[in-house]
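# Geometric and topological summary
Here is what each chain is made of, one letter per residue.
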Amino acid sequence: MVSKRKFFSIATMMFVLFFLFQFSMVLRDSKNTYDINSSLTEKKADGENQWTPSDSNSTTVIGADSSVVFVGNENGDMGTAISRWCTYAKRKLISCKSVSTYKADDKNLPEMMILESEKYADGDNLTTLETLEKKGVIIVFGCLENAKNIQNNKALMKFLGIQKVVAEETHLAGVKLFEGLLLGGEVTYNTSKDKEEKKRQDLELDVPWYQVGSGTKTYMVGLLDEKTGKNVENEDFPTIIWRNGIDYGSVFAVVGDYMKGSTALGLLNGMRAEALQYTIYPIVNAQNLSMVNFPVFADENNTEMLKLYSQSVTGIARDIMWPALISVVEKSDMKMTCFIQPQADYTDDIEPKSGNLEFYLKQMKEQSAEAGISLEYQKLDKAEDKVTKDTEFFENEKINYRFGAAFAKEKDLKGILKDTDSGLLGDVGTLVCDYTENQPVVSYYSDSVTLQTVTSDGMNYAYSDDIRMRSIQTALGYTNVMLDMYDIFWPQEKTDRWEVMQKRFSSNLLTYWKNFRDFDSTTLSESNARIRKFLNLAYSQSREDNTITLQTSEAGSWFILRTHGEEIDEIDGGSQTEIEADAYLICAEDTTVKIRLKEQELYYDTRKN
């Protein structure tokens, strides 16, 4: 039996603990300025200062190490990808319809010449390419299209480093990407027997079978099934991406369409890194999570939701989905930007409920997340009514939160520009759209608004998506993973259930992005500020002995340094983080950064392989 004295002591202690707990909650709530967007940067028209490459058919170019020549259709998929890469890499682009129309100037040779296919390397053109390669120009064959023609051209086979064309076409069981070309390490994309994993296999599996000879380095190979590959040595597997080092020069070759989209961005940076003693180039350094059409505030499609979850739409979002999202985000160390959808159907007379907005803004503040606006809808009498109705909702909530980011489908982008200068969208400095190759990964939408495309669908993630993600990370240190909640609230299939989506999203995010945690997690507004700096900066670099001097027009900008066995000893004017072997993330804290590399008696140079 507890004595009165002990009971009084216990009661007093419980009261004190309760008071302290309540006081801490009140104090935290009073300091939680939830209606202030701390990620927001003031919107300004700086797009007019954006650096862009000079597209030209000129036969000469000024700038010994800053030009790239593309031979092929400049308006095609590969030509577009090369142009975007030149913008990001701060390289001048020269487009030519043939090798012969480019007149090389020995004093101003291009750093790289990229051929759309091997058909541009016939006859005297091949001789020109051989001459350029001997002078130090990196030659890239963007896509080897015709195995039969290559087999009949022994000089071209030698230039490419092909020892034998085993078959004009063979079926692969998968693909293996070796470490070194792209960041993220080695990875195998093999066709799995598991039903869910099998859905990921969307790579080109019917390809020519090239065997490369000595003096080459392989970056990607095709994998054979047990029957076909039974008596094949590993080094004789079909080669998909490789480099032929002729006289310490570099000739790269690619089989398939990997250079015809955003995947080309990282491949080209990787090729430069492999061909040169070292490379240093600017990046964005921003990892983003876009939660699209979440949270929702209208109990639409409630009959179906009650049937599936025994809760209303707003109840599911708040009590089931939000805690699960917080758990995933905390495990991944990434930040969310939640694109609010007050309602989807503006014709059903079901209005958004008040009171929930404050809850979510407080929660987002605690998670260092950001609220954005979704411009999507299901039904609407007039498109302009969307912003008008949403403005009324936010005004009635009496919350002064300034939205810096908005999401829209790529097909709807053209009609949004007039709405981004005032009202609800007046502070929006960046737009986000679904993945599309029609738009660059990051760019200016207008002089005052940037555009960030989604790079990955966190729910539906295929092998080609992973290669593209690794490539964009290599080129830009950037990702934008999307989870679109629309199908959960308006389900069409069994896979549109929240428990299914949560499992896939969590598994994908915690698996495929784990090797890129050295890059910074950002909200979309924070990413917007970094993109502006990245697109507008100019830089130069030089090396004397073991010291690399980096000059940048933007203090606080980010770079990647890639070496061949050389390690950083000291850095002045900046800081560094080792991402992986021979790859460093550099923050240029000042406009001049000096990077001293450790003295080494001998290091392995892959350019000589």
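Throughout, a residue's number is its position along its own chain's written sequence, starting from 1. Under the rules for a predicted model, residues below a pLDDT of 70 receive no local features and side-chain atom pairs below 80 are neither given nor counted, while totals for whole chains, interfaces and linings still include all residues. Each side-chain value is derived from all of the structure's non-hydrogen atoms; neither hydrogens nor water enter the calculation.

Each helix corresponds to a stretch of at least 4 residues labelled H or I by DSSP, and each strand to a stretch of at least 2 residues labelled E; elements are numbered beginning at the N terminus. In terms of regular secondary structure, the protein chain is built from 15 helices and 28 strands. Computation of the radius of gyration draws on C-alpha atoms alone. For the globule rule, the value is 2.2 Å times the number of residues to the power 0.38. Taking 2.2 N^0.38 as the reference for a compact globule, 609 residues should give roughly 25 Å; the C-alpha atoms of the protein chain span a radius of gyration of 27 Å, in line with that estimate. With the principal axes as the frame, the protein chain shows a C-alpha extent of 95 × 65 × 55 Å. The buried share of the protein chain, taken over its 609 residues, is 55%. For the protein chain, contacts bridging at least 24 residues in sequence account for 76% of all contacts bridging at least 6. Of the roughly 27300 Å² of accessible surface on the protein chain, 47% is carried by carbon and sulfur atoms. Between the centroid of the 68 positive side chains of the protein chain and the centroid of its 93 negative side chains there is a distance of 3 Å. Per-residue accessibility, obtained with a 1.4 Å probe over protein chains only, is compared with the maximum for each type, and a residue is labelled buried under 20%, exposed over 50%, and partly exposed between these values. By definition in these notes, contact holds between two residues if any of their heavy atoms fall within 4.5 Å. Under the convention used here, a 1.4 Å probe and the Shrake-Rupley method define accessible areas, while residue burial counts only the protein chains that appear. Note that His is not counted, nor are the chain ends; the positive residues are Lys and Arg, and the negative ones are Asp and Glu. By convention, the point assigned to a charge is CZ for Arg, NZ for Lys, CD for Glu and CG for Asp.

Below, the discussion takes up the pairing of strand β12 (residues 279-283). With 5 of 5 residues buried, β12 lies mostly within the body of the structure. Side chains Thr279, Tyr281 and Ile283 project from β12 onto one buried face, and the interleaved Ile280 and Pro282 project onto a second face that is buried too. Across 5 bridges, the pairing between β12 and strand β24 (residues 557-562) is antiparallel. Bridge pairing in β24 places threonine 279 opposite arginine 562. Here the rule is simple: two strands pair whenever DSSP picks up at least two bridges between them.

Turning our attention to the sheet that holds strand β26 (residues 574-580). Spatial ordering of the open sheet is given by β12-β24-β27-β26, a layout of 4 strands whose pairing is antiparallel. Both outer strands of the open sheet, β12 and β26, are each paired with one neighbouring strand and no more. Each neighbouring strand pair of the sheet contributes to a mean axis angle of 25 degrees, computed without reference to strand direction. Between the N-to-C directions of two axes lies an angle of 0 to 180 degrees, each axis being a line fitted to C-alpha atoms and, for a helix, fitted only over the stretch in contact.

For the rest of this paragraph, the subject is the confidence of the model for the protein chain. Per-residue confidence from the predictor is given as pLDDT, running between 0 and 100. Looking at the protein chain as a whole, its pLDDT mean stands at 90, while 90% of the residues score no less than 70. Ignoring residues within four places in sequence, the model shows residues 23-27, a span with pLDDT below 50, making 0 contacts including any to other chains. Throughout residues 54-64 the model reports pLDDT below 50, and contacts reaching past four residues in sequence, or to other chains, amount to 27 contacts.

The linkage connecting phenylalanine 294 with the following residue, proline 295, adopts the cis geometry, with an omega of -5 degrees. Here proline 295 lies in strand β13 (residues 286-296).

A ring pair, where both rings are aromatic, is described by two values, the distance of the centres and the angle of the planes. Ring pairs shown here join Phe, Tyr and Trp side chains whose ring centres sit within 6.5 Å, with only the six-membered ring taken for Trp; geometry is labelled stacked below 30 degrees between planes, edge-to-face above 60, and tilted in between. Counting across every chain of the model gives 20 aromatic pairs. Here tyrosine 210 and tryptophan 242 contribute two aromatic rings whose centre-to-centre distance is 6.0 Å and whose plane-to-plane angle is 50 degrees, an arrangement assigned as tilted. One end of the pair, tyrosine 210, is in strand β8 (residues 206-212); the other, tryptophan 242, is in strand β10 (residues 239-244), with 32 residues separating them in the sequence. The two residues tyrosine 210 and tryptophan 242 agree in class, both being buried. Summarising the aromatic geometry, the rings of tyrosine 461 and tryptophan 513 are spaced 5.0 Å apart at their centres and angled 45 degrees between planes, so their arrangement reads as tilted. Here tyrosine 461 is found in the loop between β20 (456-457) and α12 (463-476), whereas its partner tryptophan 513 is found in the loop between α14 (498-512) and α15 (524-536), with 52 residues between them in sequence. On the basis of relative accessibility, which here comes to 4%, the residue tryptophan 513 falls in the buried class. Think of it as a cone above the ring: NZ of Lys or CZ of Arg counts as a charge over the ring if it is within 6 Å of the ring centre and within 35 degrees of the ring normal. Against the face of phenylalanine 359 rests arginine 318, its NZ or CZ located 3.7 Å from the ring centre. Its end group placed over the ring of tyrosine 435, arginine 468 keeps NZ or CZ at 3.9 Å from the ring centre.

Here we take up the pairing of strand β6 (residues 174-177). In regular strands, side chains alternate between the two faces of the sheet. Bridge analysis of β6 against strand β7 (residues 187-190) gives 4 bridges, and the strand direction is antiparallel. Within β7, the position partnered with lysine 176 by the bridge is threonine 188. In this sheet, strand β9 (residues 216-223) lies alongside β6 in antiparallel orientation, the contact comprising 4 bridges. What sits directly across from leucine 177, in β9, is methionine 220.

What follows covers the side chain of threonine 170. The residue threonine 170 is located in strand β5 (residues 162-171) in this model. With residues near it in sequence (within four places) discarded, threonine 170 still touches Leu205, Asp206, Val207, Trp209 and Pro238.

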